[in-house]
Structures are given as C-alpha cells and as structure tokens.
Amino acid sequence: PRTHLVLDSAFTVGPVRRRLFGGFVEHLGRHVYDGIHEPAHESADEHGFRKDVIELVKELGVTTIRYPGGNFVSGYKWEDGVGPVEQRPRRLDLAWHSTETNEVGLHEFQQWLDSVGSELMLAVNLGTRGAAEAIELLEYANIPGGTARSEERKANGREEPFGITMWCLGNEMDGPWQLGHKNAEDYGKLAAMTAKAMRQIQPDLELVACGSSGASMPTFGEWERTVLEHAYEDVDYISAHAYYEEDQDLTSFLASGANMDHFIKTVTTAADHVQAHKGSDKRIDISFDEWNVWSITKWEAQQKTFTLDEWPVAPRLLEDVYTVADAVVLGGLLISLLRHADRVASASIAQLVNVIGPIMTEPGGEAWRQTTFFPFSVTSRLAHGTSLNVVASGDTIDGGKHGTVPVVDSAATVEDGHAAVFLVNRHQTESTTVTIDLSGLDVDGDVHAEGIWDDDLHAVNDLSNTSRVGLRTNESVRREGDTITIELPPVSWTALSIG
Ligand code: AHR
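Residues numbered from 1 in each chain as written. Predicted model: local features only at pLDDT ≥ 70, side-chain atom pairs only at ≥ 80, totals over all residues. Heavy atoms only, no water.

Caption draft 1: Molecular detail of the packing of aromatic side chains. The tally for this structure, following the rule as stated, stands at twelve aromatic pairs. Centroid distance Trp 96 to Trp 299: 5.7 Å. Interplanar angle 55°. Geometry classified as tilted. Taken as a pair, Trp 96 in the loop between strand E5 (91-93) and strand E6 (98-100) and Trp 299 in helix H9 (residues 296-303) lie far apart in primary sequence, 203 residues in all. Under the relative-accessibility criterion, Trp 299 is labelled buried at 7%. A ring pair is formed by Tyr 243 and Trp 294, whose centres lie 4.7 Å apart and whose planes are at 80°; its orientation type is edge-to-face. Taken together, the residues Tyr 243 in strand E10 (residues 237-244) and Trp 294 in the loop between strand E11 (285-293) and H9 connect sequence positions 51 residues apart. Ring pairing ties together the aromatic residues Phe 21, Trp 291 and Phe 376, which thus form one cluster. (Phe/Tyr/Trp six-rings, centres within 6.5 Å; stacked < 30°, edge-to-face > 60°. Helix = DSSP H or I, 4+ residues; strand = E, 2+ residues; numbered from the N terminus. Buried < 20%, exposed > 50% of the residue type's maximum accessible area, 1.4 Å probe, protein only.)

Written out as structure tokens, the structure reads:
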C-alpha cells in the first residue's frame, strides 16, 4: 500500500491547546492508594507520594489532570477528604465496591500535582449531591478568606486559595450505572443551576457539562442536545468519553480513530445545532475527559466475582496490561484528537497509574511504563503550535465495524520551523510506503522517526519484563528536498520530528 500526504501551512485546523494532553486520577482500585501514594515505599516523599511515579508522570507529559472521579465522584463527600487525616472517615465507595480511607483528599492531591507540574480539573458530585455542596467546595477551594469554608481551608493548612479554574459538573450522568443517574432534562436543569450558582462566586470559571458516556449510549446525540438546551449559556464545554478494545476483532480495533472522529463530529453538530437554535454567539467545545483503550468485556466478567460483604481497600481493579496493538491504537486516538484540535479544547487519558494506566506499580517494588506510555509521551512532547489539515490520498482498508478507512491515519503540527507528523499503519501484514510533500511548509533540517511496532502484536511490559516493549527508530526515513519518504511496518505507530 501507498499513501501520499501534503502539508501546507495554509491548511490549518487550529492551535493545539496543551490541555489536549491531560490525564485523569480517580479514587479507584490501586490508582491513588498503592499507586501514586504509598508512604511505606522507599521512594515516598514527605507526603507519602512515590517519587519514581512522579518522575514517570512528568516524563509522560500530562498537562491538566481530572480528579477525583469518575464514577467515584457521584457518591463522594469532598469534606471527608479535608482536615486532620487521622480524623477522616472511612466510607463505602459504592461505585467500585471498595472502602475509601480518605487519606488522600484535595490538599494532598494538590501537593502531588505541584510535584508533577500539572493543573487540577476538579469534578463535583451531581449524583447524590447538588448545587449547594458544589458551591461550598468552590468557596473552600477558591475564596481567599473571611468565610466559613475558606477559613476552614486555612485552618487545614492552606493559606492561599487553590485557584481551580476548570470544573466538571458531575460525571457520566447519562449512565444507568451512575449513582444519581438522571435523564437529560433533569441533568440539564441541574447543570445549569449549579453553573449559575458557581459563577455567582467566580464568573470566569471554565465549566464542563456531562455529555455521553460513549457513542453506543441509546441517548447519544440527543443527550447533548437536551442538556445544552438547558445549560448552553452557563457552561463552556460538553464532555465526551470513549474507550476502545480489541476483543478478538483487531480489524475494527485498528480503525478506532474513525469512531472517535464520528463521536467528535456528532457532539459538535449537536452543540452547534443548539447554538443556532438559541441564536447564541458562544461556541461550545469538547472536553474529551475520558478516552483510552480498555478491555471492558474482561472487566465486566471480573466484576461479577464481587460479593456483597467484600469492601476492600485499594483492590486490583481495571489493571489492563497493554499490548503493542493497544499502543498503536492509542497513538491513533491521539491523531484523531489532534485532527480536531479546533473543537477539542481538552482531553484526559483515562487513567494514569495502575487503573487502565500507561504507568504500573508494584507495592514496595518497581514502577514502569506500559506500551501505551510511549505514543502519549512522544505526542505530548512533539505536538506543538498549530494542527495542520493533512491532505491525504492513497489506499484504503477494511475497518470492520467502522467501515472503510485510510490504510494510514495521520495528523501533523507545525511551530517555529519545526514540524511533527504522526502516522498509524493499519495494515496487518504489509508495510506501507508514505511520501510527504513539505513544500508548503517553511521547515528545514533533518527528519527523525521513532515509534512502536513488533513482530508480536501482543507483547507487553509486565512485572516479569518491565521493558520488553519500547520506542524504536525507523531507519527507512529519508528527506530529499521537500519530500519525505518512509516505510511503515504493519500495525505500527510512528512520529516524525522535522527541523
Ligand atoms: O475510567 C473508568 C470509569 O469509566 C470512570 O469511573 C467512569 O467515568 C467511566 O465509566
């Protein structure tokens, strides 16, 4: 197969906002406890956070981090997580059938964020709670002082406000599994009311309303329209969540990016429909605040083994071990996000550590990079400036349930004489020759190609070998004048850095 790409600085999608490379930390399984927080670990800092994990999170290059859930937040009382740690209550976490010790709450998480250098995106509970608790949390977090909640924060050791800008108004409220699940009418009204109340305290907040939990939800599209009919002028973003899995269908799996494209198009169409209907000047963009590869089928089977009297602390949940194929698909999902940089304002890989995460840890032991770590870290490092509208022509391939798709998926960015091109070869048995015409770009200099591919598509990094899979250099890349040529191995993800 062959593919030809034309890059031209006149054909642009829009600026790449750094929040596109966000992450997500939920109180779930071993993500917080025995993941980022393990006071007994030899690398723990004075707050009990593992420094080896902090270093890996920094290397991953995540920007904004969503917290504390997820399904967890829909039953969470934020007050349980502040004040003297020894006085904090242990609670049942209904979302994950676990015990929440509350050793880590807002203050501790902010300390961890300061160490990794990321911004906090905080979710409020609109499942079992409402606007009243959300504004108390906002008062606690962002008001400098002189009120009950802000003085409480100071008494708890934090003199300066947290200054949190971005807030999620609940989580996946369209999902019947969600505590406090609502229909779109009821949620839309609650989101609007909560947003209005929060803005009375701080008008410049950036607020995210819940969109659909997935494109296969029966209310997909209509949910967004109805919620925004109620909340359009009160919020800034609508969320999107999407997970993809191989589940014995590699052909469809490799075309997952096409489904993400469809998802983004549907949500922006619904938002723009409401904009037209309301005659509004304002545009609502997407916060793609959960996306990843996740073997949900396997998880659902595992979930059935829980019994009613079991409420473990930090059990091993959703600990997917990622393959080379998973990493290739994850790189493809980042391509889709970059291609829609005009409408996707932020995105969060869900999640970060142990729980469907690019980073794994063992209690008392190592921390290591999963296969999916590599496409994320490289894309976050290289994708800067403007996302280009790549004009592609060439062979297509069967994308299974996603229809016919280009054999090579691509995205590109350019900034200050440097360009980056991201490529996925979806062909399962053949390499693909890609030529790239750079004559429309002012980018001189050498080209370097690195990526992920392997004869064993299901090779992993695990405790028995934590570095079996890593980045490889593609030696076939050549630049002659304004033309680049490269051979992409079957089922591969590649990043080119030019200039
Ligand atoms: O990321 C795991 C879970 O997936 C989140 O808690 C929930 O929001 C989604 O269904």
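Once you've had a look at it, read on.
Caption draft 2: Focus on the sheet that holds strand E8 (residues 166-169). As summarised here, the arrangement of the eight strands in space is E3-E4-E7-E8-E9-E10-E11-E12, forming a closed barrel in which the pairing is parallel. Each adjacent strand pair in this sheet contributes to an overall mean axis angle of 30°, direction not counted. Bridge count for strand E3 (residues 22-24) against strand E12 (residues 344-349) is two bridges, and the pairing is parallel. Bridge pairing links Gly 23 to Ile 349 in E12. Across the sheet, helix H10 (residues 324-339) is in contact with E10, E11 and E12; its angle to E11 comes to roughly 175°. (Pairing = 2+ DSSP bridges. Axes fitted to C-alpha atoms, helices over the stretch in contact; angles between N-to-C directions. Contact = heavy atoms within 4.5 Å.)

Caption draft 3: Molecular detail of helix H3 (residues 131-142). In this model, H3 (twelve residues) spans 16 Å end to end at C-alpha, consistent with the 16 Å of a helix rising 1.5 Å per residue. All of the buried residues along H3 are Ala 131, Ala 134, Leu 137, Leu 138, Glu 139, Tyr 140, Ala 141 and Asn 142. In this fold, the buried residues of H3 make contact with helix H2 (106-116), strand E7 (119-124), helix H4 (148-155), E8 and helix H5 (184-201). (Expected span 1.5 Å × (residues − 1).)

Caption draft 4: Region of interest: the state of the cysteines. Summed over all chains, the structure comprises zero disulfides. Here Cys 168 is not disulfide-linked; the sulfur of Cys 210 is the nearest cysteine sulfur, at 7.6 Å. (Disulfide = S-S within 2.5 Å.)

Caption draft 5: Structural context of the site of the ligand. Near the ligand the following residues occur: Phe 24, Glu 26, Gly 70, Asn 71, Trp 96, Asn 171, Glu 172, Tyr 243, Glu 290, Trp 294, Gln 351 and Ile 356. Within the contact set of the ligand, an oxygen atom lies 2.6 Å away from a side-chain nitrogen or oxygen of Glu 172. Contact distances for the ligand include 2.8 Å between an oxygen atom and a side-chain N or O atom of Tyr 243. When the ligand sits alone it has 280 Å² of accessible area, and the protein chains cover 95% of it. The residue inventory of the shell around the ligand, partitioned by class, reads five nonpolar, four polar and three charged. (Near = heavy atom within 4 Å. Polar contact = N/O pair within 3.5 Å; in protein donor to acceptor, adjacent residues only side chain to side chain. Areas by Shrake-Rupley, 256 points an atom, 1.4 Å probe, with all protein chains shown as cover. Nonpolar A, V, L, I, M, F, W, Y, C, P; charged D, E, K, R; others polar.)

Caption draft 6: Region of interest: the sheet that holds strand E22 (residues 447-452). The seven strands are arranged E2-E15-E19-E20-E26-E22-E23 in an open sheet whose pairing can be described as antiparallel. Either end of the sheet is taken by a strand with one partner, and the two such strands are strand E2 (12-15) and strand E23 (472-473). Of the strands in this sheet, E2, strand E15 (386-388), strand E19 (408-415), strand E20 (418-425), E22 and strand E26 (492-498) are in contact with H10, which crosses E19 at around 55°. Against the sheet, helix H11 (residues 373-382) makes contact with E19, E20, E22 and E26, and its axis sits at roughly 20° relative to E26, the strand it touches most.

Caption draft 7: Representation of the pattern of salt bridges in the model. Here the structure, examined in full by the defined rule, presents 35 salt bridges. Salt-bridge contacts for Glu 290 lead to Arg 66; the nearest nitrogen and oxygen are separated by 2.9 Å. Linking Glu 290 in strand E11 with Arg 66 in strand E4 (residues 64-67), this pair joins segments that are 224 residues apart in sequence. Taking relative accessible area as the criterion, Arg 66 reaches 1% and is therefore assigned buried. Across the salt bridge formed by Lys 154 and Glu 151, the nearest N and O atoms sit 3.6 Å from each other. With Lys 154 and Glu 151 both in helix H4, this residue pair falls three residues apart, about one helical turn. One connected set of salt bridges, linked through shared partners, spans Glu 79, Arg 129, Glu 133, Glu 136, Arg 149 and Glu 152. (Salt bridge = Lys/Arg side-chain N within 4 Å of Asp/Glu carboxyl O.)

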